[in-house]
Amino acid sequence: MVSTLMYVALSAVLFVIGILGVTLRKSALMVFMSVELMLNAANLALVAFANQWKSVDAQVMVFFVITVAAAEVAVGLALLVMIFKRKKTTDIDLMNTLRG
Amino acid sequence: MDVLLFGIPAVVAIIGAIAMLLSRNAVHSALYLLLNFAAISVLYLLLQAPFLFATQLIVYAGAIIVLFLFVVMLLGAERDEDTPHANPWQNRGAFVGGLLLLVELCLLYINNPDTIPVAVDMDNAFAAPAEVAKALFTTHLLPFEIASFVLLTALIGVVVLHQRRS
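Residues numbered from 1 in each chain as written. Chains lettered and ligands numbered in written order. Predicted model: local features only at pLDDT ≥ 70, side-chain atom pairs only at ≥ 80, totals over all residues. Heavy atoms only, no water.

Participant: Hey, could you go over the interface of chain A and chain B for me, with residue numbers and the actual values?
Facilitator: Tallying the contact residues gives 69 residues for chain A and 81 residues for chain B. Roughly 7000 Å² is buried in total at the junction of chain A and chain B, and carbon and sulfur atoms are behind 77% of that figure. Inspection of the chain A/chain B interface yields 0 salt bridges. Remark: the boundary between chain A and chain B carries 5 residue pairs in polar contact (both at pLDDT 80 or more). (Contact = heavy atoms within 4.5 Å. Buried area = accessible area lost by both parts, 1.4 Å probe. Salt bridge = Lys/Arg side-chain N within 4 Å of Asp/Glu carboxyl O. Polar contact = N/O pair within 3.5 Å; in protein donor to acceptor, adjacent residues only side chain to side chain.)

This is the structure we're talking about:
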């Protein structure tokens, strides 16, 4: 019998790895992938809680998270392609046009 | 047996995530992320969520990873990280912040064991796809319709972004 705590701990570890990816990596693509990893970690925790309380509501919420993630990736990657066309790089340190 | 069934996908998921973080090549990172998604989908199956297992594989492992790979190859941005960060303190700060967050999350759950009871009953199928569909189309009908609008908006947004301006 595996406790819900184990799933939540795994989710926390994956979330922290995602945060490290967002802060450590420089390519906007890698930042995107790390964000997806964090969304997945949150989904895992939600599914674990759904199993804990025997309620499908959390699973429905995960379904919506997946929907929004798909939309976010489509728009985000389209934006990234546009930025790449203009700046010829995906380095987030160089995307500082709005910096004061 | 249960511990083994949980442990193997969990270890694979963590290895996939760390390999994604450390890999220098964006294509390799995307493939390691695919490994991570697949391992998490196995965990969904263990948590009695067969519908989400299928959705995870189709949407994340199928659509999203393919989209990532397409864009990486389209841009030729596999190795775009040869220079260090502009701010030299960013890496150290990231490690310290990540460590603090992990410790905080662990302490939160260790200090409040009552919030997460231990026993998990693996016997009843409370989340069969039919049950999920029932909840989706009755209780959560309005969010479901809004989600379809979100997808439509994303579709239109991508088309508008890639219009050729003459």
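There is more to say, and it comes next.
Participant: Let's hear about the packing of helix H3 (residues 57–87) of chain A against helix H6 (residues 141–161) of chain B: which residues, and what values?
Facilitator: Where H3 of chain A contacts H6 of chain B, the two axes come as close as 9 Å, and the packing angle between them is 10 degrees. Accordingly, the angle class assigned to the pair H3 of chain A and H6 of chain B is roughly parallel. On the side of H3 of chain A, the interface is formed by Phe 63, Phe 64, Thr 67, Ala 71, Ala 74, Val 75, Ala 78, Leu 79 and Met 82 of chain A, while H6 of chain B contributes Pro 143, Phe 144, Ala 147, Val 150, Leu 151, Ala 154, Val 158 and Leu 161 of chain B. Across the contact of H3 of chain A with H6 of chain B, the residue classes tally to 16 nonpolar, 1 polar and no charged. (Axes fitted to C-alpha atoms, helices over the stretch in contact; angles between N-to-C directions. Helix = DSSP H or I, 4+ residues; strand = E, 2+ residues; numbered from the N terminus. Parallel < 35°, antiparallel > 145°, perpendicular 65-115°, else oblique. Nonpolar A, V, L, I, M, F, W, Y, C, P; charged D, E, K, R; others polar.)

Participant: Which residues make up the side chain of Thr 55 of chain B, and what are the values?
Facilitator: Here Thr 55 of chain B is to be found in helix H3 (residues 50–75). A residue is classified by how much of its surface remains accessible, and Thr 55 of chain B, at 10% relative accessible area, is buried. The contacts of Thr 55 of chain B, once residues within four sequence positions are left out, are Ile 66 of chain A together with Tyr 60 of chain B. (Buried < 20%, exposed > 50% of the residue type's maximum accessible area, 1.4 Å probe, protein only.)

Participant: Which residues make up the nonpolar core, and what are the values?
Facilitator: Where a protein is soluble and globular, its nonpolar side chains tend to be buried together. Ranked by internal contacts, the top residues of the largest apolar core, which has 56 residues, are Tyr 7, Met 33 and Leu 77 of chain A together with Phe 6 and Phe 68 of chain B. Of all the elements in the fold, those that place two or more residues in this core are helix H1 (4–24), helix H2 (28–53) and H3 of chain A together with helix H1 (2–22), helix H2 (26–46) and H3 of chain B. By residue number, the principal contributor to this core is H2 of chain A, which donates 12 residues. By size, the runner-up hydrophobic cluster in this structure holds 10 residues, among which are Val 56 and Phe 64 of chain A together with Val 132 and Ala 147 of chain B. (Core = buried A, V, L, I, M, F, W, Y, C linked by side-chain atoms within 4.5 Å.)

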